[in-house]
Amino acid sequence: QGNALLSRTIPSSVRTSGPKSRRCPRAIASWTRSMIGLVTARSMASITPGHSVWTTLQICASGSYDTTTGQFVLPTRAQERYMIYDAIINGARMLAFFGGNNPRCWNADDTAHAWSWTFWNTVLKGLIGEINAISPLAPALVNADTTQALHASDPTTQVIARAGNADDLWVMAARSGTGTASVTIDGLPSTVTSGTVYTEGRSLPVANGSFTDTFDRWGVHVYRFDVPAPQPPAQPAVSAFAPASGG
């Protein structure tokens, strides 16, 4: 049976130093997608507390294909994106992707080139572009010491905030609940009034440190906010007066 390494990391192409822990429990296909973050968090807490962990995510595993019919199923882009950000939100400091070399999940074009290039071109390439070392998100991904958990109105939505470059703040949110939900996230600085949604080409208002957005199941939104510096306190007024004449 195929194995998957489960632990913590930062996105592909961003290298980390220091201890890493590896776990090989069973094929990722046998885990629900919402287990990725849970196993990552448990690895961080119990196996390598205080150290970085990597998470290895599925391309093709033993549960992905039927040995009798030859049929196979690979994660959709939305599913793979959820697994990536679920791992990061729960502390992953590196990511790897498992099973692209498994011929049981290849189509004819993949067989000709001996790797899952169809999956790369249609799913993984764009996702790696979101999180690699030259992406706009990269400064926040390597700034794990600034991680702050934010509150979400939906209990199946996990949210963290991290500082990026200069005065910007990045928020990553991933939802595992069924159906579609309107989710309110709060805990932003009171000076933030609006933000943009990474890779989605839209913006949203912020009021009193909170904002609301819509999430499907396995939905992920990543937000960027400019955080204005707080206004300095007003200087006390000084009254002018004429000195009394001496006598």
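Residues numbered from 1 in each chain as written. Predicted model: local features only at pLDDT ≥ 70, side-chain atom pairs only at ≥ 80, totals over all residues. Heavy atoms only, no water.

Colleague: How would you summarise the side chain of D154 if you had to cite specific residues and measurements?
Modeller: Among the structural elements, D154 can be located in the loop between β4 (151-152) and β5 (157-163). Under the relative-accessibility criterion, D154 is labelled buried at 13%. Separated by 3.0 Å, the side chains of D154 and R175 make a polar contact. Apart from the residues lying within four places of it in its own chain, the contact partners of D154 are R175 and V183. (Helix = DSSP H or I, 4+ residues; strand = E, 2+ residues; numbered from the N terminus. Buried < 20%, exposed > 50% of the residue type's maximum accessible area, 1.4 Å probe, protein only. Polar contact = N/O pair within 3.5 Å; in protein donor to acceptor, adjacent residues only side chain to side chain. Contact = heavy atoms within 4.5 Å.)

Colleague: Help me get a handle on the state of the cysteines, residues and values and all.
Modeller: Enumeration over the complete set of coordinates arrives at one disulfide. Here C60 pairs with C105 through a disulfide, and the sulfurs are 2.1 Å apart. In this structure, the disulfide formed by C60 and C105 twists by about 60° around the S-S bond and is classed as right-handed. Here C105 lies in the loop between β2 (94-98) and α3 (108-113) and C60 lies in the loop between β1 (54-58) and α2 (77-89), a separation of 45 residues in the sequence. (Disulfide = S-S within 2.5 Å.)

Colleague: How would you summarise the environment of I89 if you had to cite specific residues and measurements?
Modeller: In this structure, I89 sits in helix α2. The exposure class of I89 is buried, given its relative accessible area of 10%. For the pair I89 and V171, spaced 82 residues apart in sequence, the C-alpha to C-alpha distance is 9.6 Å. What I89 contacts, discounting residues up to four positions off in sequence, is Q158, I160, M172, A173 and A174.

Colleague: Explain the pairing of strand β6 (residues 168-175) to me, using residue names and the numbers behind them.
Modeller: Consecutive residues of a regular strand have side chains that alternate between opposite faces of the sheet. For β6, the tally of buried residues reaches eight of eight residues, placing the bulk of the element in the interior. Side chains D168, W170, M172 and A174 project from β6 onto one buried face, and the interleaved L169, V171, A173 and R175 project onto a second face that is buried too. Hairpin connection of β5 to β6: four residues between the antiparallel strands, including A166 at a positive phi of 50°. Bridge count for β6 against strand β11 (residues 220-226) is seven bridges, and the pairing is antiparallel. For A174, the partnering residue across the bridge sits in β11 and is V220. (Pairing = 2+ DSSP bridges.)

Colleague: If you had to explain the packing of aromatic side chains to someone new, which residues and values would you point to?
Modeller: Here the distance between the centres and the angle between the planes together describe a pair of aromatic rings. With the rule as written, the count across this model stands at six aromatic pairs. Here the aromatic rings of W115 and W117 are separated by 5.1 Å at their centres, their planes lie at 55°, and the arrangement is tilted. The class for W117 is partly exposed, based on a relative accessible area of 39%. Note on Y223 and F225: the rings are 6.1 Å apart at their centroids and 25° apart in plane angle, and the pair reads as stacked. We classify Y223 as buried; its relative accessible area is 0%. (Phe/Tyr/Trp six-rings, centres within 6.5 Å; stacked < 30°, edge-to-face > 60°.)

Colleague: Talk me through α2; I want residue IDs and the actual numbers.
Modeller: For α2, with 13 residues, the first-to-last C-alpha span of 18 Å sits near the 18 Å given by 1.5 Å per residue. Among the 13 residues in α2, eleven count as buried, and that is most of the element. Along α2, the residues classified as buried are Q79, E80, R81, Y82, M83, I84, Y85, D86, A87, I88 and I89. Phi for G91, located one or two positions after α2, is positive at around 110°. (Expected span 1.5 Å × (residues − 1).)

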